[in-house]
Amino acid sequence: MIEIDTNSGFCFGVVNAIESAERELNNGVALYCLGDLVHNNLEMRRLKSLGLQTVDHEELPSMKNKTLLLRAHGEPPSTYQMAENNGITVVDATCPVVLKLQRRIHDCYEELKNTDAQLVIYGKQGHAEVNGLVGQTNGAAIVIEGPDDLEKLDFTREIALFSQTTKSLDGFREIVEIIERRMKPGVRFRSFDTICRQVANRLPKLKEFVARHDWVYFVAGEKSSNGRMLYEECRKANPNITFISSADDITEPLPASVRSVGICGATSTPKWLMEQVSEKVSGCHKNT
């Protein structure tokens, strides 16, 4: 039996961004996207075939009078300012959840900027969403990726903690517990659980899915932060799991003892890609 997880695949933010791109391209717009629209090479190849062109931040200053799509991850205020200065038409596909978080962080920064308090973001350093969040603080926010980074903080000073939307709930709770233990008595510590529930709520269902299969293929792009996080969590529920980016990564048939195969993926994994993997697994089994 081969089963594709119905809870895997694009989240709302990614669906919205891709639909925005397709709408512009179908209207004949020469559309540029700032960075990969989705962290999946095969989906990006499909969008490129429709006419989408990808540019990076280094190219942005030289762009004039173009149409630029901002992906679901969001961007710092400096990107909007540069677009305005260069006559660039912005198609803003920032995920509403990320947009709300940006505003909350900006408001908190405005509240704390004239104090010695620390605004902290639990997230992946250099990730596009995190760059956009840090931009709301004029670069003042401290980014921590895990417990090892907590040495960056001064526990004798106030701390306000937020999270990248796609981080693990368990990871965030661990960070909160450690900070609470280390704070000097009487010093204020606030934590804001800003993790997207569409992503967080997937994890329990994913673990249930992978646990009921003899073997699992987890499909995601190599650059997907969400994919790596979900894969590592799924591996705890079933060690017989393999991370792949396409059906071509399956080069050997599964052991004859495998009777049930599950296929799942990240919020950046297209359904059509999981279906390709299912076809490849089915073909491999027929040939064994």
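Attention in this report is confined to the structure presented alongside it.

**Considering the state of the cysteines**
Next up, step 1: Counted according to the given criterion, the structure contains 0 disulfides.
Next up, step 2: Cys95 takes part in no disulfide bond, and the closest cysteine sulfur, belonging to Cys196, lies 6.0 Å away.

**Overview of the pairing of strand E8 (residues 159-163)**
Next up, step 1: With 5 of 5 residues buried, E8 is to be regarded as a mostly interior element.
Next up, step 2: Covered by surrounding structure in E8 are Ile159, Leu161 and Ser163 together with Ala160 and Phe162, the residues of both alternating faces.
Next up, step 3: Both strand E6 (residues 118-122) and E8 contribute to a ladder of 5 bridges, which runs parallel. Its bridge partner lying in E8, Leu119 is registered against Ala160.
Next up, step 4: Relative to strand E9 (residues 189-191), E8 runs parallel, the two sharing 3 bridges. Bridging across to E9, Ala160 finds its partner in Arg190.

**Details of the pairing of strand E12 (residues 261-265)**
Next up, step 1: Most of E12 is tucked away, with 5 of its 5 residues classed as buried.
Next up, step 2: Burial of the side chains of E12 extends over both faces: Val261, Ile263 and Gly265 are buried on one face and Gly262 and Cys264 on the other.
Next up, step 3: By the bridge criterion, 5 bridges tie strand E10 (residues 215-219) to E12 in an arrangement that is parallel. Among the inter-strand pairings, Tyr217 is bridged to a residue of E12, identified as Ile263.

**Observations regarding the environment of Asn138**
Next up, step 1: With respect to the element layout, Asn138 can be found in the loop between helix H5 (128-135) and strand E7 (142-144).
Next up, step 2: Measuring from C-alpha to C-alpha, the distance between Asn138 and Ser78 comes to 9.4 Å, with 60 residues separating the pair along the chain.
Next up, step 3: Polar side-chain contacts of Asn138 include one of 3.4 Å to the side chain of Tyr109.

**Here we look at the packing of aromatic side chains**
Next up, step 1: Summed over the entire model, instances satisfying the criterion amount to 5 aromatic pairs.
Next up, step 2: Between the aromatic rings of Phe218 and Phe243, the centroid separation amounts to 6.1 Å while the plane-to-plane angle is 25°, which identifies the pairing as stacked. With Phe218 in strand E10 and Phe243 in strand E11 (residues 241-244), this pair connects stretches of sequence that are 25 residues apart. For the pair shown, Phe218 and Phe243 are each scored as buried.
Next up, step 3: With a centroid separation of 5.3 Å and an interplanar angle of 80°, the aromatic rings of Tyr231 and Phe243 are classed as edge-to-face.

Cut-offs applied
- Residues numbered from 1 in each chain as written.
- Predicted model: local features only at pLDDT ≥ 70, side-chain atom pairs only at ≥ 80, totals over all residues.
- Heavy atoms only, no water.
- Disulfide = S-S within 2.5 Å.
- Buried < 20%, exposed > 50% of the residue type's maximum accessible area, 1.4 Å probe, protein only.
- Helix = DSSP H or I, 4+ residues; strand = E, 2+ residues; numbered from the N terminus.
- Pairing = 2+ DSSP bridges.
- Polar contact = N/O pair within 3.5 Å; in protein donor to acceptor, adjacent residues only side chain to side chain.
- Phe/Tyr/Trp six-rings, centres within 6.5 Å; stacked < 30°, edge-to-face > 60°.

It is worth stressing that arrangement in space is one thing and function is another; only the former is reported here.
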